[in-house]
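# Topology and contacts: notes
Chain by chain, the residues run as shown.
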Amino acid sequence: MTARVDDPAPNPHATEAQVQAALADNKLAQVLYHDWEAETYDDKWSISYDERCIEYARGRFDAAVPDAPLPYERALELGCGTGFFLLNLMQSGIAKSGSVTDLSPGMVKVATRNAQHLGLDVDGRVADAETIPYDDDTFDLVVGHAVLHHIPDVEQVLRECLRVLRPGGRFVFAGEPTTVGNFYARKLGQITWKVTTEVTKLPFLSDWRRPQAELDESSRAAALEAVVDLHTFDPADLEKTARRAGAVRVHAETEEFAAALWGWPVRTFEAAVPEEKLTWRYRMAQYRAWLELSKLDEKVLRHVVPRQFFYNAIITGVKPGIAGR
């Protein structure tokens, strides 16, 4: 495996002054926020590289492309974060080899380290998704998870995806917030954070309260998160953007309605209380609840609730050319 991360070293923590500077410079904000989160990101979002997340990642891919002939020879992940999407897709048999890119040096460092630990053939580059540093017709598949909403020019990114794809190659981007879903998720998160941090001030609940310095750091991270989240999407508009970029066989799916209404308060609560309070039994109970609500979404609610009300969008399209996947 090649792990090429020859760009500047990550900045693990952002000062208050840097946060203020980032308010006026979105790409600085992207780097600061994601460098800040890199080493703890997997724990924060319960990311793993075992059967649980392999199944989740593969489920997102199959929802968009249920009949893809596998495996793809070479895949690229944009905005890779810690490598969650591509590494788990590779473990599920989607691709033989891969490359990961992110604007954050910290995230590329963690993603390539995770790939090395898993024994996967993956290289990494610090790169801007609007100018992908690979030649034309290089990849068979481009993927991303929760990345398009961070990028200023989404149509330009999709054009770049089509440029680096071989004719017939496909892109799949999952985990993109819908406009309606983002509204209710953020409101639920704000309410949960306020209630939890206020209630844990009570003397008999003091052992459920994180140290104030940690809460302040989380608040600064949340302020940066609001800056780096640039877009929400209507599924139909996202399809139009992909077609304007030049893609064919474009389709958007959505997922998580009941699961999001449950999951966002749970994740916010977990960020506000000490780690040791979140026992294995508690985590498994929350995960099982999320699974059951996801099944309700898939089997019932997707047939009666308009797709724009679900929290996550998945968009896929194909580069025109000879028969592809």
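Residues numbered from 1 in each chain as written. Predicted model: local features only at pLDDT ≥ 70, side-chain atom pairs only at ≥ 80, totals over all residues. Heavy atoms only, no water.

## Section: the nonpolar core
In this structure, Phe 61, Phe 84, Leu 141 and Val 172 are the most contacted members of the largest nonpolar core, which totals 38 residues. Residue assignment for this core shows that the elements contributing at least two residues are helix H4 (51-64), strand S1 (72-77), helix H5 (84-91), strand S2 (95-102), helix H6 (105-118), strand S3 (122-126), strand S4 (139-145) and strand S5 (165-177). The leading source of residues in this core is H5, at six residues. Not counting residues up to four positions away in its chain, the partners in contact with Phe 61 are Ala 68, Tyr 72, Leu 89, Ile 94, Leu 141 and Val 172. (Core = buried A, V, L, I, M, F, W, Y, C linked by side-chain atoms within 4.5 Å. Buried < 20%, exposed > 50% of the residue type's maximum accessible area, 1.4 Å probe, protein only. Helix = DSSP H or I, 4+ residues; strand = E, 2+ residues; numbered from the N terminus. Contact = heavy atoms within 4.5 Å.)

## Re the confidence of the model for the chain
With 90% of its residues at a pLDDT of 70 or more, the chain shows a mean pLDDT of 89. For the stretch residues 1-11, pLDDT sits under 50, and the model shows 31 contacts to residues farther than four places along the chain or on other chains. (pLDDT = per-residue confidence, 0-100.)

## Quick word on the sheet that holds S5
Spatial strand order, S3-S2-S1-S4-S5-S7-S6: seven strands in an open sheet with mixed pairing. Each of the sheet's edge strands pairs with one partner strand only, and the pair in question is S3 and strand S6 (248-255). Here the strands of the sheet are splayed against their neighbours by 15° on average, with no regard to which way each runs. As defined by bridge partners, S2 adjoins S3 across five bridges and the pair is classed as parallel. Residue pairing for S3: Ser 99 is matched across the bridge by Asp 123. Relative to S5, helix H7 (residues 154-164) is tilted by about 145°, and along the sheet it contacts S1, S4, S5 and strand S7 (312-318). This element, helix H10 (residues 235-245), spans S5, S6 and S7 of the sheet and lies at about 155° to S6. (Pairing = 2+ DSSP bridges. Axes fitted to C-alpha atoms, helices over the stretch in contact; angles between N-to-C directions.)

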